[in-house]
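Observations on the model geometry
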Amino acid sequence: MLPKDTNAAFSGGQCAGEEDWVDNRTVYIGHKEPPPGAEAYIPQRYPDNRIVSSKYTFWNFVPKNLFEQFRRIANFYFLIIFLVQLIIDTPTSPITSGLPLFFVITVTAIKQGYEDWLRHKADNSVNQCPVHEVQHGKVVRKQSRKIRVGDVMLIKENETFPCDLILLSSSRDDGTCFVTTASLDGESSHKVSTQWDTTRTSHTLFLYGDASRSTHRWSRPLGSENLLLRGATLKNTAYIYAVAIYTGMETKMALNYQTKTQKRSAVEKSMNAYLVVYLCILIGKAFINTVLKYVWQADPNQDEPWYNNRTDAEKERHIVIRAFTDFLAYMVLFNYIIPVSMYVTVEMQKFLGSYFIMWDDDMYDKELGESAVVNTSDLNEELGQVEYVFTDKTGTLTENNMEFIECCVDGHVYVPQAICNGQVDTRGCEELFFRALCLCHTVQVKEEETVDGIKHGLHSGRPSSFYISSSPDEVALVEGMKRSGVTRTHTHTHTHTHSGGLRGGASVIKTFFYTNAMCVCVCSGEVYLFCKGADSSIFPRVVSGKVEEVKDREGLRTLCVAYRALTPEQYEETYRLLNEARLALHDRDRRLAEAYDQIETQLVLLGATAVEDRLQEEAADTVESLHQAGMKVWVLTGDKMETAAATCYASKLFRRGTRVLELTTKRTEEQSLHDALLSGECSDFGLIIDGATLSAVLQPGPEASSAGDYKEIFLEICRNCSAVLCCRMAPLQKAQIVKLIKASKEHPITLAIGDGANDVSMILEAHVGIGIMGKEGRQAARNSDYAIPKFKHLKKMLLVHGHYYYIRISELVQYFFYKNVCFIFPQFLYQFFCGFSQQPLYDTAYLTLYNISFTSLPILLYSLMEQHINIDILRKDPTLYRDISKNCLLRWPIFIYWTILGVYDAMVMFFGAYFLFDNTTFTSNGQMFGNWTFGTLVFTVLVFTVTFKLVLDTHYWTWINHFVIWGSLIFFVVFSLLWGGIIWPFLNYQRMYYVFMQMLSSGPAWLSIILLITAGLLPDVVKKVICRALWPTTTERIQVPRPQPGPATPAFIQRHHQGCVPNLVVSQPGCVPICVLGTHRDA
């Protein structure tokens, strides 16, 4: 720890991932005043350590939420209609528009407020977490949100860093500490951080010290190995002291977050477009009726109808004012063509439907004890429209659990069993190779430890030691050597290895790193320089050895091992070069690289190791299913290219025959970026690109004007790629890739999935963001739209739940517009027969309850329960996902068909009843029917027709469907009987008294109802039969039943006993009903 009277200041340079953001700050440890004679210092104000991921506050919730809701066309429209009804005299009551609007706004606000309250709750749990600060030599406990820049913090083992810190001192003798960044990047390995006096890095911060007892000023460079990032956890170190340098929303984790924006699905955008069309139709209807009304009243004998009760003052108004008032009145009369109740139903369908994901037993992970979580239900149907999947690698595709598979020594391949059985000659190259593996690493021995409730280091119930390291590859190699009989024990810096004929001790006297490699200087009588790293780093430095026989293996991570014997003089020269380069304050990276080049020469290749990064369970099958479903899968990772490419081959993202185009820094150094891009022919292949090249593509230099538009060329290549791997990516670069694809001319639907905080930016940027819940933290899960335990659950979420959600909600949207056209178009036609007097065709009760009670529940239940194809079929045949891609069920031709069908049914209802009413003595006793009986007849045919239309479209029948559909029709009949059979004292009119009973007492009325319903449904039935017979889709072919041998097979009996009830599935007209098995839980 620094002396109490020591002051220090930090100057921060550019942050990783923020290429255009630079922050220079001076921080005094413990908020001490500057020493006498120091330069003028102006105190700077920094934010507190509060983290905010919520969208609303207590004060802005109401205005902000109302503003967002009234951005919806339907909500804004009904607000205007409601105000018009309050201002002028209209045919209908303001309650008919105001009450549904208030219900929609309230339900949506409660739903969004609850979701944001959960975010506040999560933020408070982080901001109020207790931490320890050193104040005036004493340790004080306070809340995390109160940390300020310059505070000296005490962090104990297994505690999470509350902000970005610089390590001052450690309980370890060597001044280091071990941290895990699982919650940041998904890697559970132990990384090493060092205090300021043993630094080495590239991104430079400077520490200036001025002790009161000394007269000289000293400086040391600080780097990323001295920086402790928020969200990381202290491991294998009793305690550390560190100073806060970045707090709150200025921490690296917070800077990598994208701003939360309101995501809207493609279905909602289609709904808004359809509403604009229907609004234009509504305005057209109102305009036509207003013009025709004044044309009609131009005849002196055809004045304003007496029953409109217009006063003389109203009749004497200017014709423009009267015309505008009549136009607004017609708008109110026809406003039911805009289905405001559709938004209520859609909100309820999304909210209730989201529970099917959370209740799905197939998406429950027993190991974690977690099931899927829905953070927002607004995007359920978007799961059925995904075209691009962007996935992280470590912790998402893989378990980040390495296993030693084999090694190649002097051209011979050995597996662990062969080494353990003594089949390896432990002399010469083999001896040096195994010594290098046991010495060239940063592995530490750790006793029993508990991580996420799982105890490590227990064997047969007794504590034992286990290995930890900054790299899981190194742990895998050391554990592999141990299983093979080559055991490593150590006391601090001295190491012993023994295995059969291989015994000895050695001291690691120096360890140093460079890009893609690690070197150690070992003293065991002689001084050796052992180097271990990627083949791209080792091969150029090798002068002898069987290089050509060390080959990469598909799906495996390879590390090459080489050595060089050093004389004492050479070792001293090596130490001097490295020390001078490490302490350099300027051009530090260049000087370190030059020192490494001078030291790591004349190497002899010993061999190579092959380590497998285990894929998550069923990860390869999930990737293959996504490909079959027509989705393009991109892997975005910060790992090096060799490691990431091996995982891509193992997960079947790339296959053996895949032609891979590389756009990497090495490739662009050999030829210009323009030539490298144009060298890729536009055919089906895989693409590998790194972060540096991507920056050049997205932000080309001045020479790009003559070379062309790199971005367009890059997008054209990507469109023809079956898979893309982006390696060495910063978190914000992941979001840039997603944004680039979203903004392309096709505007595809994107999905991003990851498990760490470095994936949050792309999760927020994509149309749909999914977080993996695991041992790697909860940042991604908390900021995502959906959270699942494992990557394999993505398959069912998209292919089954996404498929069902889209089918259901697309039918719901089209059906709502259809039934409202059927509802309001007869009202438009009726004006031609009532002198354009704005006389309603239906009673007020029918106008109010049509969308709320009579026709709402059947379509709501359909949108929750419908299964047009069995779950097992959807899971086994991913190609069915292509049938619903690109929002195909909400395209304009289908929308126009539903609208025309609604207009046809409305004309059949109106004119059918009109011609049947031509003989006004419609009853047996010669009593005449009036206009309310006519409207009731049309309304009765309307309710039964639109309900039977839904019956024809339903494939999955349960007792709930029967209860709701037939119950709704019975409710309509019972309500009509009560509404017209009782004189209600609170009504100032009794126009519906005995109307419904009188209509039902007429035999011709019964016959007309049956004929009109049949005539209205017949064209749709004929159309479906013809299309299924001549142009069936893949889905319709699967729905055709196949003959089953025997009435009940053992499989049927077995599934029946498991609780699956057979449900009759009514196929489309012209097909025989089939029987499927399924549980409501998976609906």
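Naming follows an unreviewed UniProt entry, where the protein chain appears as Phospholipid-transporting ATPase of Gadus morhua. Under Cofactor (unreviewed entry), UniProt gives the following word-for-word description of the protein chain: "Mg(2+)". Taken directly from UniProt, the Catalytic activity (unreviewed entry) text for the protein chain runs: "ATP + H2O + phospholipidSide 1 = ADP + phosphate + phospholipidSide 2."

1. Here we look at the overall build of the protein chain
Looking only at helices and strands, the protein chain has 36 helices and 41 strands in total. Of the contacts made within the protein chain by residues no fewer than 6 positions apart, 74% connect residues no fewer than 24 positions apart. Per element, the accessible surface of the protein chain, about 47400 Å² overall, is 58% carbon and sulfur.

2. Some words on the side chain of T855
Residue placement: T855 occurs in the loop between α27 (844-854) and α28 (856-865). A distance of 2.7 Å separates the side chain of T855 from the backbone oxygen of Y850, its partner in a polar contact. When neighbours within four sequence positions are excluded, T855 is seen to be in contact with K819, Y850 and V946.

3. A look at the state of the cysteines
One pass over the structure, following the stated rule, counts zero disulfides. Of the cysteine sulfurs around C727, a residue in no disulfide, the closest is that of C726, at 7.7 Å.

4. Considering the nonpolar core
By size, the foremost hydrophobic cluster in this structure holds 94 residues, and its most contacted members are M342, Y842, F939 and L942. Looking at this core element by element, the count peaks at 17 residues for helix α26 (residues 793-830). Beyond its immediate stretch of four places on either side in the chain, L942 contacts K819, C822, F823, Y842, Y850 and M909. The next biggest cluster of nonpolar side chains, apart from the first, holds 46 residues, and it includes I357, I772, L860 and L864.

5. Considerations on unusual backbone geometry
If you check the backbone angles, E618 has positive phi at about 65° while not being a glycine. By the element assignment, E618 lies in the loop between β32 (603-615) and α16 (619-628). According to the relative accessible area criterion, E618 is partly exposed, its value standing at 41%. One non-glycine residue, H747, adopts positive backbone phi at about 50°. Within the fold, H747 resides in the loop between α23 (731-742) and β37 (750-754).

6. Things to note about the packing of helix α2 (residues 73-87) against helix α6 (residues 266-296)
The contact between α2 and α6 brings their axes to 9 Å, and the two run at 30°. The orientation of α2 relative to α6 falls into the category roughly parallel. Where α2 abuts α6, its residues I73, A74 and Y77 lie against N272, L275, V276, L279 and L282. Residues belonging to the contact of α2 with α6 are distributed by class as follows: seven nonpolar, one polar and no charged.

The rules behind each value
- Residues numbered from 1 in each chain as written.
- Predicted model: local features only at pLDDT ≥ 70, side-chain atom pairs only at ≥ 80, totals over all residues.
- Heavy atoms only, no water.
- UniProt positions renumbered as here; feature names shortened; annotations may be inferred.
- Helix = DSSP H or I, 4+ residues; strand = E, 2+ residues; numbered from the N terminus.
- Contact = heavy atoms within 4.5 Å.
- Areas by Shrake-Rupley, 256 points an atom, 1.4 Å probe, with all protein chains shown as cover.
- Polar contact = N/O pair within 3.5 Å; in protein donor to acceptor, adjacent residues only side chain to side chain.
- Disulfide = S-S within 2.5 Å.
- Core = buried A, V, L, I, M, F, W, Y, C linked by side-chain atoms within 4.5 Å.
- Buried < 20%, exposed > 50% of the residue type's maximum accessible area, 1.4 Å probe, protein only.
- Axes fitted to C-alpha atoms, helices over the stretch in contact; angles between N-to-C directions.
- Parallel < 35°, antiparallel > 145°, perpendicular 65-115°, else oblique.
- Nonpolar A, V, L, I, M, F, W, Y, C, P; charged D, E, K, R; others polar.

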